[in-house]
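Geometric and topological summary
Listed here are the chains, written in short residue letters.
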Amino acid sequence: MQSSAHYRSVLALTAQPVIDWKAFAQCQSDAIVLSGQPMLPAHEQDTRAAQTMVIECPSGSPLPTSQYLKRLSSLFSRIAIMVDFHSGPELTRLDVKLSVLEARAGLADCSVDLFARIGASAASVTKLNDLRDKNPRLSALVWQPGTPFETEGIDSNARCETARALVTLHAESFGVQALDWPHQQIDDFALLCDRSKNDGFTGIVVHNSVDVAHANAIFSR
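Our subject in this report is the structure included herewith.

Thoughts on the pattern of salt bridges
The final tally for this structure, using the stated rule, is 12 salt bridges. Between Arg 137 and Asp 109 there is a salt bridge, with the nearest N and O atoms lying 3.5 Å from each other. Remark: Asp 109 occurs in the loop between helix 3 (88-105) and strand 5 (112-118) and Arg 137 occurs in the loop between helix 4 (122-126) and strand 6 (138-143); sequence separation between them is 28 residues. Connected through salt bridges with shared partners, the residues Glu 161, Arg 164, Asp 180, Arg 195 and Asp 199 form a single ionic network.

So, in structure tokens, the structure goes:
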């Protein structure tokens, strides 16, 4: 079952050593991104059930345990895993691993969505055609360019903009969301949201909860 959620704003808490769950339960972001398996709130009322919990699993890091996934399912409306995309076959293998974890946790198959992060390397953009036969879990392509675009000798302006456009085009053709993850924060976040929307993105990752309202308003138009 593919997620029907629409992610206008995804709040990144990946750098938060301690999470104030009660505060973020009041935040109107459609999803929250965390790294690893941080301590979850003790009470369901300390979370907002309408939110999706996205667990960031960079290359080489372990997947959440079945017990952790089961606990997440009791606190949030959806669960998603964000991984660095390298190839379609790799996502297929991940799909099998997640099916095993879901079975152990007593969850229905495809309860956990996948966010494929593009931009960790230039090669990941060239492999987007591997997703033509889309993984049923895939719900979003996330554009987050990294330093390899410079270290691989690629013109960081023209080529990076081309890769960015390819992400939105592929997301549209696959019927999934395109999320922009800016690597730098700017003063006028509303302007940044406008640019992302005009470029074809359907949502954005925010680093500050005060910017959630701007993102929600602009990506609701």
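Regarding the packing of aromatic side chains
Centre-to-centre distance and the angle between the planes together describe a pair of aromatic rings. Enumeration according to the criterion identifies 1 aromatic pair in this entry. Between Tyr 7 and Phe 115, the aromatic rings sit 5.4 Å apart at their centres with planes inclined by 65 degrees, giving edge-to-face as the arrangement. Here Phe 115 lies in strand 5 and Tyr 7 lies in the segment before strand 1 (9-12), a separation of 108 residues in the sequence. In this pair, the class of Tyr 7 matches that of Phe 115, namely buried.

Let's talk about the layout of surface pockets
When its volume is computed, the second largest pocket comes out at roughly 290 Å³. Breaking the lining of the second largest pocket down by element, the ones donating at least two residues are strand 4 (78-84) and helix 3. For the lining of the second largest pocket, the element with the highest residue contribution is helix 3, accounting for 5 residues. Its residues assigned to classes, the lining of the second largest pocket comprises 7 nonpolar, 4 polar and 4 charged.

Considerations on the sheet that holds strand 2 (residues 31-35)
The strand order around the closed barrel built from 8 strands is 1-2-3-4-5-6-7-8, with neighbouring strands paired in parallel fashion. The average angle at which neighbouring strand axes cross in this sheet is 25 degrees, direction not considered. Judged from the 3 bridges that link them, strand 1 and strand 2 form a sheet pairing that is parallel. Pairing of Val 10 across the sheet is with Ala 31, part of strand 2. Running over the sheet, helix 6 (residues 158-174) touches strand 5, strand 6 and strand 7 (177-180) and is turned about 170 degrees from strand 6. Against the sheet, helix 7 (residues 189-198) engages strand 7 and strand 8 (203-206), with an angle of about 145 degrees to strand 8.

Digging into the packing of helix 2 (residues 66-75) against helix 3
The contact between helix 2 and helix 3 brings their axes to 8 Å, and the two run at 70 degrees. By the angle between their directions, the pair helix 2 and helix 3 is classed as roughly perpendicular. Handedness of the helix 2/helix 3 crossing: right-handed. Counted together, Ser 66, Leu 69 and Lys 70 of helix 2 and Leu 101, Arg 104 and Ala 105 of helix 3 form the full contact between these two elements. Partitioning the contact of helix 2 with helix 3 into residue classes produces 3 nonpolar, 1 polar and 2 charged.

Digging into the side chain of Asn 216
Checked against the element boundaries, Asn 216 lands in helix 8 (residues 212-218). The class for Asn 216 is buried, based on a relative accessible area of 9%. Within the local environment of Asn 216, its side chain forms a polar contact with the backbone oxygen of Gln 28, the two atoms lying 3.0 Å apart. Those residues in contact with Asn 216, other than ones at most four positions away along the chain, are Arg 8, Ser 9, Gln 28 and Asp 30.

What to know about the environment of Leu 179
The residue Leu 179 is located in strand 7 in this model. The exposure class assigned to Leu 179 is buried, which follows from its relative accessible area of 1%. Each C-alpha atom, one on Leu 179 and one on Leu 141, is 6.2 Å from the other, the two residues being 38 residues apart in sequence. Excluding anything up to four places from it in sequence, Leu 179 contacts Tyr 7, Val 10, Phe 115, Ala 140, Leu 141, Val 142, Trp 143, Phe 201, Gly 203 and Ile 204.

Reading the values: the criteria
Residues numbered from 1 in each chain as written. Predicted model: local features only at pLDDT ≥ 70, side-chain atom pairs only at ≥ 80, totals over all residues. Heavy atoms only, no water. Salt bridge = Lys/Arg side-chain N within 4 Å of Asp/Glu carboxyl O. Helix = DSSP H or I, 4+ residues; strand = E, 2+ residues; numbered from the N terminus. Phe/Tyr/Trp six-rings, centres within 6.5 Å; stacked < 30°, edge-to-face > 60°. Buried < 20%, exposed > 50% of the residue type's maximum accessible area, 1.4 Å probe, protein only. 1 Å grid on protein atoms, 1.4 Å probe; cavity = no way out; pocket = protein on both sides within 12 Å on 5 of 7 lines; lining within 4 Å. Points joined across faces, edges and corners; volume = space filled by probe spheres on them. Nonpolar A, V, L, I, M, F, W, Y, C, P; charged D, E, K, R; others polar. Pairing = 2+ DSSP bridges. Axes fitted to C-alpha atoms, helices over the stretch in contact; angles between N-to-C directions. Contact = heavy atoms within 4.5 Å. Parallel < 35°, antiparallel > 145°, perpendicular 65-115°, else oblique. Left-handed = near helix turned anticlockwise from the far one by under 90°. Polar contact = N/O pair within 3.5 Å; in protein donor to acceptor, adjacent residues only side chain to side chain.

Read these as geometric descriptors, not functional statements.
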